[in-house]
Amino acid sequence: MYDFDSITDRRGTDSIKWDVDENELPMWVADMDFPTAPEIVNAFSERLNHSVFGYGKLKTEWFNAYINWWKSRHDFEMKKEGLIFCSGVVPGITSIIRHLTAPGDVIIMFSPTYNHFYNCIQDNGRRILDVDLNFSGHDYSIDFKKLEDALGKSDAKLMIICNPQNPTGTVWNRNDFERIGELCAKYSVTIVSDEIHCDIITPGTKYTPFAAVSETCSNNSIICIAPTKAFNLAGLQTSAIYVENKILRKRVSCAIEKDELSMPNSFAASAAIAAFNYGEVWLNELNEYIYKNKMIVNDYLHREIPKIRLIWGDATYLLWLDCTSLNIDSKSLAQRIRKETGLFLMAGSYYGNGGNGFLRMNIACPQTMLLDGLDRLRRGIESINTIE
Ligand SMILES: Cc1ncc(COP(=O)(O)O)c(C=O)c1O
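Residues numbered from 1 in each chain as written. Predicted model: local features only at pLDDT ≥ 70, side-chain atom pairs only at ≥ 80, totals over all residues.

A.B. asks: I tried to follow the sheet that holds strand 7 (residues 158-162) on my own but got confused; where do I start?
C.D. replies: Picture the strands of a sheet paired through backbone hydrogen bonds; they go either parallel or antiparallel. Ordered by their spatial adjacency, seven strands build an open sheet running 2-10-9-8-7-3-4, and the pairing between neighbours is mixed. The sheet terminates laterally at strand 2 (83-86) and strand 4 (127-132), the two strands that pair on one side only. Adjacent strand axes in the sheet meet at a mean angle of 25° when their direction is disregarded. Helix 5 (residues 144-154) contacts strand 3 (106-111) and strand 4 of the sheet and is inclined by roughly 155° relative to strand 4. (Pairing = 2+ DSSP bridges. Helix = DSSP H or I, 4+ residues; strand = E, 2+ residues; numbered from the N terminus. Axes fitted to C-alpha atoms, helices over the stretch in contact; angles between N-to-C directions. Contact = placed C-beta atoms within 7 Å.)

A.B. asks: It is not clear to me how the nonpolar core should be interpreted in this structure. Could you clarify?
C.D. replies: Nonpolar side chains in soluble globular proteins tend to end up buried together. Within the largest apolar cluster, 125 residues are counted, with the highest numbers of intra-cluster contacts made by Ile108, Ala240, Ile241, Leu345 and Leu359. If you count residues domain by domain, this core takes at least three from each of domain 1 (25-37 + 280-387) and domain 2 (41-278). Residues within four places of Leu345 in sequence aside, it is in contact with Met27, Trp28, Ala334, Ile337, Leu359, Arg360 and Met361. (Core = buried A, V, L, I, M, F, W, Y, C linked by C-beta atoms within 7 Å. Buried ≥ 20, exposed ≤ 12 C-beta atoms within 10 Å, placed from the backbone. Domains from an automatic or database assignment.)

A.B. asks: What is the right way to look at the sheet that holds strand 14 (residues 346-347) in this model?
C.D. replies: Read across the sheet, four strands follow the order 11-12-15-14 without closing on themselves; strand pairing throughout is antiparallel. A strand with exactly one partner marks an edge of an open sheet, and here the two such strands are strand 11 (309-311) and strand 14. When strand 11 meets strand 12 (residues 318-322), the two strands line up antiparallel, connected through three bridges. Looking across to strand 12, one finds that Ile311 is bridged to Trp320. Sitting on the sheet, helix 10 (residues 280-304) is in contact with strand 11 and strand 12, with an inclination near 145° to strand 11.

A.B. asks: Could you clarify how one ought to interpret the packing of helix 2 (residues 60-74) against helix 9 (residues 268-278) in this entry?
C.D. replies: For any two helices packed against each other, the geometry comes down to the angle between their axes and how far apart the axes lie. Their axes nearest at 9 Å, the elements helix 2 and helix 9 cross at an angle of 35°. As helix 2 packs across helix 9, the resulting crossing turns out to be left-handed. Contacts between helix 2 and helix 9 involve Glu61, Trp62, Ala65, Tyr66, Asn68 and Trp69 from the former and Ala269, Ala272, Ile273, Phe276 and Asn277 from the latter. (Left-handed = near helix turned anticlockwise from the far one by under 90°.)

A.B. asks: Would you explain the pairing of strand 4 in this entry?
C.D. replies: The two faces of a sheet get side chains in turn, since along a regular strand they alternate between them. Bridge analysis of strand 3 against strand 4 gives six bridges, and the strand direction is parallel. Among the inter-strand pairings, Ile107 is bridged to a residue of strand 4, identified as Ile128.

A.B. asks: Is there a simple way to explain unusual backbone geometry in this structure?
C.D. replies: Most peptide bonds take the trans configuration, and most residues that are not glycine carry a negative phi. Omega for the bond connecting Ser111 with Pro112 falls within 30 degrees of zero, at 5°, which places this linkage in the cis form. With respect to the secondary-structure elements, Pro112 resides in the loop between strand 3 and helix 4 (115-122). Geometrically, the link from Asn163 to Pro164 is a cis peptide bond, its omega value of -5° lying close to zero. Looking at the secondary structure, you find Pro164 in the loop between strand 7 and helix 6 (174-186). With phi around 55°, Ser188 is a residue other than glycine that occupies positive phi space. In this structure, Ser188 sits in the loop between helix 6 and strand 8 (190-194). On the basis of neighbour counts, which here come to 11 C-beta atoms within 10 Å, the residue Ser188 falls in the exposed class. Notably, Asn232 is not glycine yet its phi reads approximately 55°, a positive angle. Mapped onto the elements of the fold, Asn232 is located in the loop between strand 9 (221-225) and strand 10 (239-242). C-beta crowding within 10 Å serves as the criterion here: with 21 such atoms nearby, Asn232 is assigned to the buried category.

A.B. asks: Where do I start with helix 8 (residues 246-258) in this structure?
C.D. replies: An α-helix turns once per 3.6 residues; consequently, residues spaced three or four apart project the same way. Relative to the 18 Å expected for 13 residues at 1.5 Å per residue, helix 8 spans 18 Å between its end C-alpha atoms, a close match to the ideal helical length. If you check which residues of helix 8 are buried, you get Val252, Ala255 and Ile256. Each buried residue of helix 8 lies within a common arc of 95° when the element is viewed along its axis, so the set occupies one face. Residues of helix 8 that are exposed and point more than 90 degrees away from the buried face comprise Lys246, Ile247, Lys250 and Lys258. As for helix 8, its buried residues are in contact with strand 2, helix 3 (89-100), strand 9 and strand 10. The positive-phi residue at the C-terminal boundary of helix 8 is Glu260, with phi of around 55°. (Expected span 1.5 Å × (residues − 1). Arc of directions from axis to C-beta.)

A.B. asks: Even after reading the chapter, I still don't get the pairing of strand 15 (residues 358-362), so can you show me in this structure?
C.D. replies: Here strand 15 lies mainly inside the structure; five of its five residues are buried. The two faces of strand 15 match: Phe358, Arg360 and Asn362 on one face and Leu359 and Met361 on the other face are all buried.

A.B. asks: How should I be thinking about the packing of helix 3 against helix 4 in this particular structure?
C.D. replies: Following both chains from N to C, one finds helix 3 and helix 4 inclined at 35°, their axes separated by 9 Å at the closest point. Seen from above, helix 3 lies across helix 4 with right-handed handedness. From helix 3, Val90, Ile93, Thr94 and Ile97 reach across to helix 4, where they touch His116, Cys120 and Ile121. Classifying every residue of the contact of helix 3 with helix 4 gives five nonpolar, two polar and no charged. (Nonpolar A, V, L, I, M, F, W, Y, C, P; charged D, E, K, R; others polar.)

What is shown is where atoms sit, not what they do.
Encoded structure:
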């Protein structure tokens, strides 16, 4: 049994998340407050104790670690030659945008979605076309009519999907991907599937790798994967891009090389190898713990803050809280809660259309910290009720 209950003080460790005032509790950016798996720490120690660092080269173990993990855990057979090292998912996506599209080109996304996609696109002078997800009041689904309209009318070059979806936690299924794959192939739009959150999932639930669904999907897609979210190695600069199609792969690897993202630092490859080869038991326990945390939030909201509803998603540790009944724009709401209680949450409006009125809460923390966060959330909402 691994220990997810103890609190590790992260203040003073140059953590962006914990760069907050003494009384504040950060539950915003997507890293976890748990130490990574001890098996990974051991691998780092070994590398550290060697004490000579230099330019890195990928060993066969790095390729095998990804291939074996996706085969055994996700039932997807990757080809060794399809894997490309990249120093991060966001840098990789940015590079793909820069080299596979031209300024002014349109890139399609489902919104609400991960806020950095917006930056990657806009900062590089490309245009965003949001296809809003359908929100039933309980969950999210894809509006294929809207998607086809967007593809048909826009002359888009690229579509970025998030599998599973950050921030809603939605786990997309084969049928969704078959239809996306066919539509994108019909309109010659290449798909980038960001699958960084795929291993944080409710026990017993399965994520579907986009490229595993059909030849149409695998032929026309660029898959971004990493051990960094699931094993809490964010910021370590290690990820991979999987491209099955040879011609597309050549274009992607040229992009990654041009942008100097292809060389691993001394810890990047060992981190991935240790995580995928030795981290599975730790990850299973982590997923159990996160599931329990989700249930705690769900029960707490029902009981203590019924005006806020958890929109249940089976993936990610980022909870999507529906606060629309409060009728307050989400930035003001997040600011108000932070000012009143020190609880730092992300405003839903950062995630594009459909995000306003929601808050995103990171629950990858020990349960005592989570309960503190929920208590602050309750007080924050009560303070609004009192003032209004
Ligand atoms: C969907 C998604 N993609 C990418 C990233 C960041 O990836 P990286 O740190 O490898 O750039 C995040 C971090 O939260 C994320 O949520």
